[in-house]
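# Coordinates in review
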Amino acid sequence: MSGLQPRAGLHYPRSIGEFQAWFRTDADCLDYLDWLRWPEGFVCPLCGHPGGWVVADGRYKCGACGSRTTVTAGTLFDRRRTPLTVWFTACWMFAAQKDGVSALSLQRSLEIGSYPTAWAMLHRLRSVLVRPGRDRLTGTVEVDETYIGGEEPGLRGGRAKGKKSLVGVAVELKQPRGYGRCRMAILRDGSAASLHPFVTEHVTPGATVITDAWQGYSGISKLGYTHQRRSQRAARARGEDPGELLPGVHRVASLAKRWLLGTHQGSVDDAHLQSYLDEFVFRFNRRGSRSRGLVFYRVLELAVVHDPVRYRDLVVNPRPKRKSPVPPGVAGHPPSIDRPPAARPWRAS
Ligand SMILES: [Zn+2]
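A short tour of the structure in this document, coming up. (Residues numbered from 1 in each chain as written. Predicted model: local features only at pLDDT ≥ 70, side-chain atom pairs only at ≥ 80, totals over all residues. Heavy atoms only, no water.)

### Quick notes on the pairing of strand β5 (residues 165-173)
Test applied: Exposure is judged per residue with a 1.4 Å probe applied to protein chains only, and the accessible area is read against the type maximum: over 50% gives exposed, under 20% gives buried, and values in between give partly exposed. Under the scheme used here, helices are H or I runs from DSSP no shorter than 4 residues and strands are E runs no shorter than 2 residues, and both carry numbers assigned from the N terminus. For two strands to pair, DSSP has to find at least two bridges joining them.
With eight of nine residues buried, β5 is to be regarded as a mostly interior element. In terms of strand pairing, strand β4 (residues 140-148) meets β5 through nine bridges, oriented antiparallel. Paired with isoleucine 148 across the strands is serine 165, a residue of β5. Bridging between β5 and strand β6 (residues 179-186) involves six bridges; their strand directions are antiparallel.

Here is the structure:
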């Protein structure tokens, strides 16, 4: 897979018509997954030996250790109950539709028996999107935080219901204009202890990081970044809109919020917000993809190298594990995007 430049119509379907023609049966889907997982031919997942043969039950038998395995064993599609054709169609809707798909409309369009089944399929697909060791952002990067979720974003202090999550947003700026890739992650709070790791995890050292004047960003120049601070007060003094201080972050955050309210009707529960953000970021970063079919291909490519995801992991142990939410104005950083104008003292935590 690495190094392969996938081509439309050859490596992935370029249209819904081609998709339907390629994947009529579960055997068609298995064949495709086989090619994605072992493009150079079967490699034993147990001993790493390349080479084996297909035995009577359709499984591969390793030529060295003799163990038997299926194409889907140890992947996202391990022990599935839903037919692969349904999985593939779900993946197509998830990846190839501009705004993805909600669990409810997936359930309706595919006539999936239960809502939880459709919901879990989409969450399994979301869980593969963050590739371990993916590249960090480079060049010039805006970084800020915003509150997502809850009843009304931007409410001050005591009126907030405590359902909002503070989300770090980082966006690459292109020259002379436009945006590159973005990252979004739930933050524990707006302290330096949360913001510094957010920056180091998502931005390559050497990059220029633009933030507002919030003290939680103090010291990031010591972490190997060129730090540019933009002061809201100075912007206001110049008669500029302080909310437009960091236009890239502002843009990404408002697109993400609109998507959550649109496709998902705002019904995203707090515990699964990070998964939805992962999906938003994945799609945003591929918005210039020349084919939606290529996005479908990328999702399946990640799914065949991803460990199985158990239903109870999705429900009982939702990602991310995080502390109780911090309403705006109580602790942490009121973000420039939603931030009420009053200045607040910074509290270290
Ligand atoms: Zn083997």
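Right, picking up where we left off after that structure.
### A word on the side chain of asparagine 285
Just so we agree on the cut-off: A contact between two residues is defined here by any heavy atoms of the two lying within 4.5 Å.
Secondary-structure assignment places asparagine 285 in helix α9 (residues 273-285). When neighbours within four sequence positions are excluded, asparagine 285 is seen to be in contact with Gly180, Arg181, Cys182 and Arg183.

### What about the packing of aromatic side chains?
Here is the rule: Two aromatic rings, drawn from Phe, Tyr or Trp (for Trp, its six-membered ring), form a pair once their centres lie within 6.5 Å of each other, and the interplanar angle then sorts them: stacked below 30 degrees, edge-to-face above 60, tilted otherwise. Any Lys NZ or Arg CZ that is within 6 Å of a ring centre and within 35 degrees of that ring's normal is treated as a charge sitting over the ring.
For the structure shown, the criterion picks out 20 aromatic pairs. Consider the rings of phenylalanine 19 and tryptophan 92, whose centres lie 4.9 Å apart with planes at 35 degrees: the pair is tilted. Of this pair, phenylalanine 19 sits in helix α1 (residues 16-22) while tryptophan 92 sits in helix α3 (residues 84-96), and the two are 73 residues apart along the sequence. Taken as a pair, phenylalanine 19 and tryptophan 92 share a single burial class, namely buried. Aromatic side chains phenylalanine 280 and phenylalanine 284 sit 6.0 Å apart centroid to centroid with 25 degrees between the ring planes, which places their arrangement in the stacked category. In this pair, phenylalanine 280 and phenylalanine 284 both sit in helix α9, four residues apart, roughly one turn of the helix. The exposure class assigned to phenylalanine 280 is buried, which follows from its relative accessible area of 7%. When the ring centre of phenylalanine 282 is taken as reference, the NZ or CZ atom of arginine 286 above it lies at 3.8 Å.

### Quick look at the sheet that holds strand β2 (residues 60-62)
Within the open sheet, the three strands sit side by side as β1-β2-β3. Their pairing is antiparallel. The two strands at the open ends of the sheet, each matched to only one other strand, are β1 (52-54) and β3 (68-69). Taken together, the two bridges between β2 and β3 define a ladder with antiparallel strand orientation. Looking at β3, one finds that tyrosine 60 is bridged to threonine 69.

### Focus on the coordination of the zinc ion
What counts, and what does not: For Na, K and Ca the donor cutoff is 3.2 Å, while for all other metals N, O and S atoms must lie within 2.8 Å; water is not among the atoms, so some sites may look incomplete.
In the first shell of the zinc ion, the protein supplies Cys44 (SG), Cys47 (SG), Cys62 (SG) and Cys65 (SG), at 2.3 Å from the metal. The sequence pattern describing where the donors of the zinc ion fall on their chain is C-x2-C-x14-C-x2-C. One end of the pair, cysteine 47, is in the loop between α2 (26-37) and β1; the other, cysteine 65, is in the loop between β2 and β3, and 18 residues separate them in sequence.

### Concerning the nonpolar core
Our working rule: In this description, a nonpolar core means a group of buried Ala, Val, Leu, Ile, Met, Phe, Trp, Tyr and Cys residues linked to one another through side-chain atoms lying within 4.5 Å.
Of all hydrophobic cores here, the largest spans 72 residues; its most connected members are Tyr32, Phe88, Met184, Phe296, Val299 and Leu300. Per-element accounting of this core gives the leading share, ten residues, to α3. Contacts of leucine 300, omitting those with residues within four sequence positions, involve Tyr32, Leu33, Leu36, Phe77, Phe88 and Cys91. Tyr147, Leu166, Tyr217 and Ile220 belong to the second largest nonpolar core, which has 18 residues in total.

### Here we look at the pattern of salt bridges
We count it as follows: Salt bridges are counted wherever a side-chain nitrogen of Lys or Arg sits within 4 Å of a carboxyl oxygen of Asp or Glu.
Throughout the structure, instances matching the rule amount to ten salt bridges. Between aspartate 57 and arginine 59 there is a salt bridge, with its nearest N and O atoms 2.8 Å apart. For aspartate 57, a relative accessible area of 43% translates into the label partly exposed. Given a relative accessible area of 30%, arginine 59 falls into the partly exposed group. A salt bridge links aspartate 189 to arginine 188; the shortest N-O distance between them is 3.8 Å. Classification of arginine 188 by relative accessible area gives partly exposed; the value is 44%. Each member of the salt-bridge network shares a partner with another, and the members are Asp57, Arg59 and Arg68.

### Some remarks on the sheet that holds strand β7 (residues 208-212)
Strand pairing in a sheet relies on backbone hydrogen bonds, with the paired strands running either antiparallel or parallel. This is how the line gets drawn: Orientation is described by axes fitted as lines to C-alpha atoms, over the contacting stretch for helices, and by angles from 0 to 180 degrees between their N-to-C directions.
Taken in spatial order, the five strands of this open sheet run β6-β5-β4-β7-β8, and their pairing is mixed. The open sheet has two edge strands with one neighbour each: β6 and β8 (226-230). The average undirected angle you get between the axes of adjacent strands in this sheet is 25 degrees. Against the sheet, helix α8 (residues 247-262) engages β4, β5, β6 and β8, with an angle of about 40 degrees to β4. Here α9 sits on the sheet in contact with β4, β5 and β6, set at roughly 175 degrees to β6.

In short, geometric facts, not functional conclusions.
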